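Observations on the three-dimensional arrangement
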Amino acid sequence: MKQDRMKQGLALSASGTVAASGTVTARATVTAGVTMAALLGLPAPAQAADPASLPTVTVTANKRPQASGATDSSVLVRSGADLEEAGVRTITDLEKVFPGLHISARGSSTYANISIRGMSSPDFYNPAVQVYVDGVPQDPATLSQALTDVDRVELLKGPQGSLYGAGAYGGVINIITRRPDSARTTVSAGLSTAGQDSRISTTQVLDPGRLYGDLSLGGSWRDGTIDDAATGGSSVDDRQNRDARARLRFAPQGGPLDLALSASRIEENSNEEVVVSDIHRRSTNSAVYAHPRSHKTLTSLALNADYRVGPGTISSITAYQDRDLDRFAYGLYQPEQQKTLSQELRYALTGDRYNGVVGLYAGQTDFDRQTGPYFGGVVGASDSSVTTTGTAAFGEGTYHLTPTVDLTAGVRYSYDQAKTEATRANGLMAAYPALSFSNSADFDAVTPKLAAGWQVTPDHRLHAQLSQGYKPGGFNHTITSAADARPYSPETSTNAEIGWTGHFAGNRVEVSTTAYWIEAEDKQIYVNVAGSSFQTLRNMGESRSVGLEFDTVVRPVDSLRLTFGGTVGRSTFTSATDPVSNADYADKRLPYAPDLLLNASATYFLPATGLPGDLSVRGATRYASRTYFDPANTMAQGGYALFDLSQDLALDSGATVSLFAENLTDRQYRTYSFNGGTTYSSLGEGRVVGIKGGVTF
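The following refers to the structure shown. (Residues numbered from 1 in each chain as written. Predicted model: local features only at pLDDT ≥ 70, side-chain atom pairs only at ≥ 80, totals over all residues. Heavy atoms only, no water.)

1. Section: the overall build of the chain
Heads up, the rule is: Under the DSSP-based scheme used, a helix requires at least four consecutive residues in state H or I and a strand at least two consecutive residues in state E, with every element numbered from the N terminus. A simple rule labels every residue: compare its accessible area, found with a 1.4 Å probe on the protein chains alone, to the largest value its type can have, and call it buried under 20%, exposed over 50%, or partly exposed in between. Note on contacts: a residue pair qualifies if any of its non-hydrogen atoms lie within 4.5 Å across the two residues. Here the Shrake-Rupley method, with its probe set to 1.4 Å, supplies the accessible areas, and only the displayed protein chains count as covering residues.
Within the chain one finds three helices and 40 strands. When burial is assessed residue by residue, the chain has 56% of its 697 residues classed as buried. Partitioning the intrachain contacts of the chain with sequence separation of at least 6 by distance along the chain shows that 66% fall at a separation of at least 24. Roughly 27,200 Å² of accessible area belongs to the chain as shown, and the carbon and sulfur atoms make up 57% of that amount.

This is the structure we're talking about:
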């Protein structure tokens, strides 16, 4: 049991080896181990004797089963056990375990930015990095959703249009949950200085060998940490979440069909969209911006069907998502609704000399937004909508030229349409007149991909890849002026990478590294509208991102696991001029693209004599260098490091207990800033100390 649990706790990288986040000294490790043992009345820890084997795995990031070490692209994989060990509770937390992944909340959990290799999107509604859960592309406002019953998460870097129906300009976060196939129930709860959470998940066999079902119910209550100087109120930025998910799976044993119907609902009440002018004082002023509040619901339905035909599998994914956000922020009532319907159909083939995937995709998103009168009627009430439809044909194949050399080619054709309609009542000032407009636009693109892999020796592999990325054009979703009647064009990129993965010392050490180069054109950036304080989306020049990313795992002794990874790079505008102010942004850093991102961790296993389970301690740190929030580079967060520490007890009976501390030094840092006459910012989470536990039976 101990050996199995230790292997399950390994974070799986592209070649299936350990990876995680953080550091901790040996002295802190031993002290923490004794502390946990003392608290639980257990014997003192002894030296571990479990083997240090780093397992290989099969991943499905490329839409067909492949040995993880045989993928000719940058793919990192983390197991569900890894996420639990690192305290990853939501999608936003994934930057704790994936080096080079940067996620910034912009005021609330509804709006966030994901950046990979300097590729990000200032537009909340059209992200550069796409999140998938069991093959379903997720609404951009779902980054706060809980990660439950996760089997693994796969991070693919670079354009993925030849593999994923909804496409992905900068990368994919592919979340795969456990398929219900046997009876199990898990109950868990946590209590910390930030709040509390609880969950129950159960899987039942409804008809042995044929029919299975699972159900998950959970909730979290986050206490606020910011006070209001105007009213004297405390902890005004609290949030509550509730979620439910049910799934029914029909998979006759030995048969070709695997069918799953799932439904989920997320509800969130939030007051967290507060801003501060001084990050060293967690205090806001509601006399400037009234207390924000929002109520969000997200309903999701999906039907996944797989049918094995000869050497391949036909897959169909039908999905519907309905988001309703009732929002008051920055003194403005601005509710919005979004409905998305998508269909993907693909065929994945696996053979001795070749494998590949081909597919078709169609999707439509209907977005509506309303605003009440702004600034006491200075700006009139408005009603706007944006409808986008996208269709695509995609595919790629890999041919094993020799037993050690692979060649991969892929291509995607995308056709996208966008339509906008807007009306606004007359405001009290002439600068904000009535509006009424409608417009439409369409875009298409062909984006190819070429890759090669060479298994130099059984322990060393090289890969190279050249691909193009495409981010559709469209219309600004937050209508503020007549300028929003004009569409913005697609953003495109040319991406090149070359990478190496090697194993040493009897598989106790793995090093993987990739150098990348990205040239992007027609960057989609928010710019100020002439004569007002509003912004609109425009294409603004070209950019270049170059860098080196790495992931290192070392198991020097059986009881110790060390990891170190990150990205060192530079992402700048090479030619960019603000179409309104004519400001030259050449050589300015891209927003939300720090030059340096580092993750490190140390996990020490401390099995105690007579203890029916495992005792371990984990320390982690992650560092982000200076991050700019605007293309002019006038607002930024300086470099900062966060430190986490946890101690975990996992009993053979299925019970777990963990003591944890996150952001140990209580580092104050910005995640988002804007200029409202004064620079206002959203803050990251401060120090959190708590305990969590659960039992599986």
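From this point, the discussion proceeds with the structure in view.
2. Looking at unusual backbone geometry
Positive phi is not limited to glycine here, since Arg117 has a value of about 55 degrees. Here Arg117 lies in the loop between strand 5 (112-116) and strand 6 (129-133).

3. Some points on the nonpolar core
Stated precisely, the cut-off is as follows: Buried Ala, Val, Leu, Ile, Met, Phe, Trp, Tyr and Cys residues that are joined via side-chain atoms within 4.5 Å together make up what is termed a nonpolar core.
In this structure, Leu94, Leu101, Ile173 and Ile175 are the most contacted members of the largest nonpolar core, which totals 23 residues. At the level of elements, strand 4 (101-105), strand 5, strand 6, strand 8 (150-157) and strand 9 (171-177) are the ones that each hand at least two residues to this core. Each residue touching Leu101, except ones within four places of it in the same chain, is listed here: Leu94, Glu95, Ile114, Ser115, Ile116, Leu155, Ile173 and Leu597. Counting 16 residues, the second-largest nonpolar core is a separate cluster that includes Tyr289, Val378, Val379 and Phe534.

4. Considerations on the pattern of salt bridges
For the record, the criterion: Whenever Lys or Arg places a side-chain nitrogen within 4 Å of a carboxyl oxygen from Asp or Glu, that contact is recorded as a salt bridge.
In the structure shown here, the tally under the stated rule is 41 salt bridges. Between Arg247 and Asp134 there is a salt bridge, and its shortest N-O distance comes to 3.6 Å. Taken together, the residues span a long stretch of sequence, with Arg247 in strand 14 (residues 239-250) and Asp134 in the loop between strand 6 and strand 7 (136-137) at a distance of 113 residues. Residues Glu268 and Lys296 are paired through a salt bridge, measuring 3.9 Å at the closest nitrogen-oxygen approach.

5. A closer look at the environment of Glu685
Note the threshold: For this analysis, a polar contact is any N or O atom pair within 3.5 Å, provided that within protein one partner can donate a hydrogen and the other can accept it, and provided that sequence-adjacent residues contribute only side-chain to side-chain pairs.
Within the secondary structure layout, Glu685 lies in the loop between strand 39 (679-683) and strand 40 (688-696). Glu685 sits 15 residues away from Arg670 along the chain, and the two C-alpha atoms are 9.6 Å apart. Non-local contacts of Glu685, meaning those with residues more than four positions away in its chain, are made with Arg222, Thr225, Asn663, Arg667 and Tyr669. Polar contacts involving the side chain of Glu685 include one to the side chain of Arg222, which spans 3.3 Å.

6. Quick look at the packing of aromatic side chains
Convention followed: Working definition: rings of Phe, Tyr and Trp (its six-membered ring) pair if their centres are within 6.5 Å, and the pair is stacked with planes under 30 degrees apart, edge-to-face with planes over 60 apart, and tilted otherwise.
In the structure shown here, the tally under the stated rule is 16 aromatic pairs. Each ring, one from Phe573 and one from Tyr585, has its centre 6.4 Å from the other, and the planes form 40 degrees; the classification is tilted. You can see Phe573 sitting in strand 31 (residues 560-575) and its partner Tyr585 sitting in the loop between strand 31 and strand 32 (596-605), a full 12 residues away along the chain. Neither residue differs from the other here; Phe573 and Tyr585 are each classed as buried.

7. Regarding the side chain of Arg199
In this structure, Arg199 sits in strand 11 (residues 195-207). At 3.0 Å, the side chain of Arg199 forms a polar contact with the side chain of Ser216. At a separation of 2.7 Å, a polar atom in the side chain of Arg199 contacts the side chain of Asp243.

8. What to know about the pairing of strand 17 (residues 293-309)
So the rule is basically this: By definition, two strands form a pair when at least two bridges between them are found by DSSP.
Relative to strand 17, strand 15 (residues 257-270) runs antiparallel, the two sharing 14 bridges. Across the sheet, Leu261 pairs through a bridge with Leu303, a residue of strand 17. By the bridge criterion, 17 bridges tie strand 17 to strand 18 (residues 312-329) in an arrangement that is antiparallel. Within strand 18, the position partnered with Arg308 by the bridge is Thr313. Turn length for the strand 17-strand 18 hairpin, with the two strands adjacent in sequence and antiparallel, is two residues, and the turn residue Gly310 shows positive phi of about 55 degrees.

9. Focus: a nonpolar patch on the surface
The condition is simple: Any residue with relative accessible area above 30% and no salt bridge may belong to a patch, with like charges joined within 9 Å and the nonpolar Val, Leu, Ile, Met, Phe, Trp and Tyr side chains within 5 Å.
On the surface, a nonpolar cluster with roughly 500 Å² of combined accessible area is contributed by Val187, Ile200, Leu215, Leu217, Val695 and Phe697. Structurally, Ile200 is set in strand 11.

10. So, the sheet that holds strand 6
Within the open sheet, the five strands sit side by side as 3-8-9-6-7. Their pairing is mixed. This sheet does not close on itself; its edge strands, each paired only once, are strand 3 (75-79) and strand 7. Sheet topology note: the strand 6/strand 7 ladder contains two bridges and is antiparallel. Its bridge partner being in strand 7, Tyr132 is matched across the sheet by Pro137.

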